[in-house]
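# Structural characterization, general
The chain contents come next:
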Amino acid sequence: MSGPVAWITGASSGIGRAVALEMARNGWRVVASARRQDALDTLADEGPEGRITGMAVDVTDLEATRAAVERIEAETGPLDCAVLAAGTHIPTSADDFRPEDFRTLLDVNVMGVVHATAAVVPGFKARRAGHLVVVASVAGYRGLPSAAAYGATKAALINYTEALKFDLDAWGVKTQLVCPGFVRTPLTDRNPFPMPFLMEVEDAARAMVRGMTGDGFEITFPKRFTMLVRLVSRLPYALYFPLVRRGTKP
Ligand SMILES: NC(=O)c1ccc[n+]([C@@H]2O[C@H](COP(=O)([O-])OP(=O)(O)OC[C@H]3O[C@@H](n4cnc5c(N)ncnc54)[C@H](OP(=O)(O)O)[C@@H]3O)[C@@H](O)[C@H]2O)c1
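Residues numbered from 1 in each chain as written. Predicted model: local features only at pLDDT ≥ 70, side-chain atom pairs only at ≥ 80, totals over all residues.

### Focus: the packing of helix α3 (residues 62–75) against helix α4 (residues 99–127)
One can describe the packing of α3 onto α4 by two numbers: an axis separation of 8 Å at closest approach and a directional angle of 35 degrees. Here α3 runs over α4; the crossing is right-handed. For the pair formed by α3 and α4, the contact residues are L62, T65, R66, V69 and E73 on the first element and H115, A116, A118, A119, V120 and G123 on the second. Residues that form the contact of α3 with α4 fall into these classes: six nonpolar, three polar and two charged. (Axes fitted to C-alpha atoms, helices over the stretch in contact; angles between N-to-C directions. Helix = DSSP H or I, 4+ residues; strand = E, 2+ residues; numbered from the N terminus. Left-handed = near helix turned anticlockwise from the far one by under 90°. Contact = placed C-beta atoms within 7 Å. Nonpolar A, V, L, I, M, F, W, Y, C, P; charged D, E, K, R; others polar.)

### Focus on the pairing of strand β5 (residues 131–135)
Within β5, four of the five residues are buried, which leaves it mostly tucked inside the rest of the structure. This β-α-β element, strand β4 (residues 81–84) to α4 to β5, shows right-handed connectivity. The pairing of β5 with strand β6 (residues 174–180) spans five bridges and is parallel. From the neighbouring strand, H131 faces β6, where its bridge partner is K174. For the segment spanning β5, helix α5 (residues 148–170) and β6, crossover handedness is right-handed. (Buried ≥ 20, exposed ≤ 12 C-beta atoms within 10 Å, placed from the backbone. Right-handed = clockwise from strand over helix to strand, strands pointing away. Pairing = 2+ DSSP bridges.)

### Remarks on the site of the ligand
Inspection of the region around the ligand gives 30 residues, with G10, G14, R35, G87 and T185 positioned closest. The set of elements that each furnish at least two residues to the shell around the ligand consists of α1 (14–25) and α4. No other element matches α1, which puts three residues into the shell around the ligand. Broken down by class, the residue content of the shell around the ligand amounts to 14 nonpolar, 13 polar and three charged. (Near = placed C-beta within 6 Å.)

Encoded structure:
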């Protein structure tokens, strides 16, 4: 089987899964990871013959994540690209403040990306080549209602990816940040509010994979919504708080 090799975390559902299928159709050999091996096997069956392999790993476990990447590189070949999409969301509020929810989101959304980075970057560095793609969110631009924990993890990822880019550039490793708006997935199916500009996951995957072929640092979709959020996020607090309060009122 020929073609460059991509490792995708969070590939058992939603954006990671759709990106795995899109990349496989575009000639990549894809190793798809998440915790549920059965869902990864179903994905492998759905993809073009022999192009997707499932390898279960929990990215909150650093040693398991390192071992998974070692196995991928031994069995499939050196990684050309790592797409770090594993993540989750728990709404948080000051009315029912649960530090354990913050811990869960930090462990999966932030430390999961850190562990996966630690697993792939030594190989990228040694080969002076590679492509690191971190999935954050427009929710990381500024504080949003019910997203104190989720937004904080995504803000951390934005800053993290920006900072890493300086070092990775010097080693010839391409670094990209993905900040989606609302995409229809099992994660957003749980949202009890109407989601503006909600995008279908196949369209999101196409936009993301297209962005990954370009040179831009940040990949966003759907464009009209993400530009609007970017604009609002640049407002001074005196305008930002009343505008967002009004825009997100139930
Ligand atoms: N959907 C949106 O509107 C939207 C917008 C902005 C950003 N995002 C971001 O996009 C990414 C994907 O979200 P999605 O909407 O596609 O959600 P999703 O359908 O819930 O997918 C999340 C994926 O992460 C995996 N995962 C969760 N915990 C894991 C762990 N500890 N180790 C390994 N894999 C783990 C899940 O698989 P298992 O349960 O099998 O482990 C699943 O494959 C997330 O980072 C999310 O924050 C989504």
